[in-house]
Amino acid sequence: SQQGEEDPQALSIQEGENATMNCSYKTSINNLQWYRQNSGRGLVHLILIRSNEREKHSGRLRVTLDTSKKSSSLLITASRAADTASYFCATGTGNQFYFGTGTSLTVIP
Amino acid sequence: DGGITQSPKYLFRKEGQNVTLSCEQNLNHDAMYWYRQDPGQGLRLIYYSQIVNDFQKGDIAEGYSVSREKKESFPLTVTSAQKNPTAFYLCASSIVSAPAGYGYTFGSGTRLTVV
């Protein structure tokens, strides 16, 4: 299966701290994406990193990709209570993506 | 505003009943997808369609059926053959003709419960 696996399953931090979550996958990919899901809602696309990129930034988000280790990390800096959500990585080729089981992030005000 | 609309938000199904979940998009996206989400299992692909009148099975297609008669619409029917249909169903779309550099746009989901 190409499904990514996020680690840790759950993460609880204080507001203002940084949050790091990781994703590991099994097969070769064209790109890797990170999504956010608030409870009971649909997923929202956060950032995409291509297989030939090593690092990408978007606002308070920083994503790294290590294709040799088949892993990616998502860093959220200066976390806010509003960042509380589940975060998923999605891996795949072409337009079919497989999602991991997610990291549940709780930011305590 | 462009987006994906899923309806209804909540749906209750009796044993042995077929139910249809609606998914409509006005983003002019070619590809549409249906995922099922269960607690602790992430998202699993049910069906996807990259062009009108064509669709492919995903990993867990048994007990489900779809149609793609219009570009904007991709309804999912949960049949009585699906033995454990209680779940959160998510519809998504993407630009299939672009290079693999675009993400999915998701609807807000339908929560289906068997009563």
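First, a word on what this report is: a plain description of the structure on this page. Since the model is a prediction, treat every value here as computed from it, not as a measurement.

Another aspect to go through is the overall build of chain A. Scanning chain A from terminus to terminus reveals 0 helices and 11 strands. Helices (α) and strands (β) of chain A occur, in sequence order from the N terminus, as β-β-β-β-β-β-β-β-β-β-β. Taking 109 residues into account, the globule formula puts the C-alpha radius of gyration at 13 Å, and chain A, at 13 Å, falls close to it. With respect to the principal axes defined by its C-alpha atoms, chain A has extents near 40 × 25 × 20 Å. Within the span of chain A, comprising 109 residues, buried residues form 45% of the whole. Carbon and sulfur atoms provide 44% of the accessible area of chain A, an area that totals close to 5000 Å².

On to the state of the cysteines, then. Structurally, a disulfide amounts to a covalent bond that connects the sulfur atoms of two cysteines. Taken as a whole and assessed by the stated rule, the structure comprises 2 disulfides over all chains. What pairs with Cys23 of chain A in a disulfide is Cys89 of chain A, and their sulfur atoms sit 2.0 Å apart. Handedness here is read from the sign of the S-S torsion; for Cys23 of chain A and Cys89 of chain A, about 65 degrees, the answer is right-handed. With Cys23 of chain A in strand β3 (residues 19–24) and Cys89 of chain A in strand β9 (residues 85–93), this pair connects stretches of sequence that are 66 residues apart. The class for Cys89 of chain A is buried, based on a relative accessible area of 0%. For Cys23 of chain B, the disulfide goes to Cys91 of chain B, at an S-S distance of 1.9 Å. A torsion of -75 degrees about the S-S bond marks the disulfide between Cys23 of chain B and Cys91 of chain B as left-handed. One end of the pair, Cys23 of chain B, is in strand β3 (residues 19–25); the other, Cys91 of chain B, is in strand β9 (residues 87–94), and 68 residues separate them in sequence. Of the two residues, Cys23 of chain B and Cys91 of chain B, both sit in the buried class.

A word on the sheet that holds strand β1 (residues 5–7) of chain A. Residues and elements named next belong to chain A. Across the sheet, 5 strands lie side by side as β1-β3-β8-β7-β6; this open sheet has antiparallel pairing. Looking at strand neighbours, the two that pair on one side only are β1 and β6 (55–58), the edges of this open sheet. Ignoring strand direction, the axes of neighbouring strands in this sheet form an average angle of 20 degrees. Two elements, β3 and strand β8 (residues 71–76), share 6 bridges in a ladder whose sense is antiparallel. Residue Cys23 lies in a different strand from β8, and its bridge partner there is Ser72.

Moving on to the nonpolar core. One finds Met21, Leu32, Trp34, Leu74, Ile76 and Leu105 of chain A to be the most contacted residues of the largest nonpolar core, which totals 21 residues. Counting residues per element, the ones that place at least two in this core are β2 (10–14), β3, β4 (31–37), β5 (43–50), β7 (61–66), β8, β9 and β11 (103–108) of chain A. Apart from the residues lying within four places of it in its own chain, the contact partners of Leu105 of chain A are Leu11, Ile13, Ala19, Met21, Ile76, Asp83, Thr84, Ala85 and Tyr87 of chain A. Met32, Ile46, Val66 and Val78 of chain B belong to the second largest nonpolar core, which has 20 residues in total.

It is worth spelling out the sheet that holds strand β7 (residues 64–66) of chain B at this point. Residue and element names in this part refer to chain B. The sheet built from 4 strands is open, its strands ordered β1-β3-β8-β7 with antiparallel pairing. With one partner strand each, in any of the chains shown, β1 (4–7) and β7 form the two edges of the open sheet. This sheet shows a mean twist of 20 degrees between the axes of neighbouring strands, independent of strand direction. Judged from the 4 bridges that link them, β1 and β3 form a sheet pairing that is antiparallel. Bridge assignment links Thr5 to a residue of β3, and that residue is Glu24.

Moving on to the pairing of β6 of chain A. Residues and elements named next belong to chain A. Relative to β7, β6 is paired through 4 bridges, and the arrangement is antiparallel. In the sheet register, Lys56 faces β7, and the bridge partner there is Val63. The loop that links β6 with its antiparallel partner β7 comprises 2 residues; one of these, Gly59, has a positive phi angle of about 60 degrees.

Before going further, it helps to spend a moment on unusual backbone geometry. The omega torsion of the bond from Asp7 of chain A to Pro8 of chain A falls at 0 degrees, within 30 degrees of zero and hence cis. Secondary-structure assignment places Pro8 of chain A in the loop between β1 and β2. Residue Pro8 of chain B follows Ser7 of chain B across a cis peptide bond; omega there is -5 degrees. With respect to the element layout, Pro8 of chain B can be found in the loop between β1 and β2 (10–13). Unlike most non-glycine residues, Lys70 of chain A shows phi in positive territory, near 50 degrees. Within the element layout of this structure, Lys70 of chain A appears in the loop between β7 and β8. Overall, Lys70 of chain A belongs to the partly exposed group, its relative accessible area being 27%.

About the criteria used
Within every chain, residues take consecutive numbers counted from 1 along the sequence as written. Each chain is given a letter, starting from A, and each ligand a number, starting from 1, according to the order in which they appear as written. In keeping with the model being predicted, local features are shown solely for residues with a pLDDT of at least 70 and side-chain atom pairs are shown and tallied solely at 80 or more, while totals for entire chains, interfaces and linings include all residues. Note that the side-chain values use all heavy atoms of the structure and ignore hydrogens as well as water. Every helix listed is a DSSP run of H or I at least four residues long, and every strand listed is a run of E at least two residues long, numbered separately from the N terminus. We compute the radius of gyration over the C-alpha atoms and compare it with the globule rule, which gives 2.2 Å times the number of residues raised to the power 0.38. Three exposure classes are used, based on accessible area relative to the maximum for each residue type with a 1.4 Å probe and protein chains only: buried under 20%, partly exposed in between, and exposed over 50%. We get accessible surface area from the Shrake-Rupley algorithm with a probe of 1.4 Å; when it comes to residues, only the shown protein chains can shield them. In plain terms, two cysteine sulfur atoms within 2.5 Å form what is called a disulfide here. Strands are labelled as partners when DSSP assigns at least two bridges between them. In this description, a line fitted to the C-alpha atoms serves as the axis of each element, helices being fitted only across the stretch in contact, and the angle between N-to-C directions of two axes falls anywhere from 0 to 180 degrees. For the purposes of this section, nonpolar cores are sets of buried Ala, Val, Leu, Ile, Met, Phe, Trp, Tyr and Cys residues that join through side-chain atoms within 4.5 Å. Contacts are residue-level and defined by heavy atoms, with any inter-residue pair within 4.5 Å sufficient.

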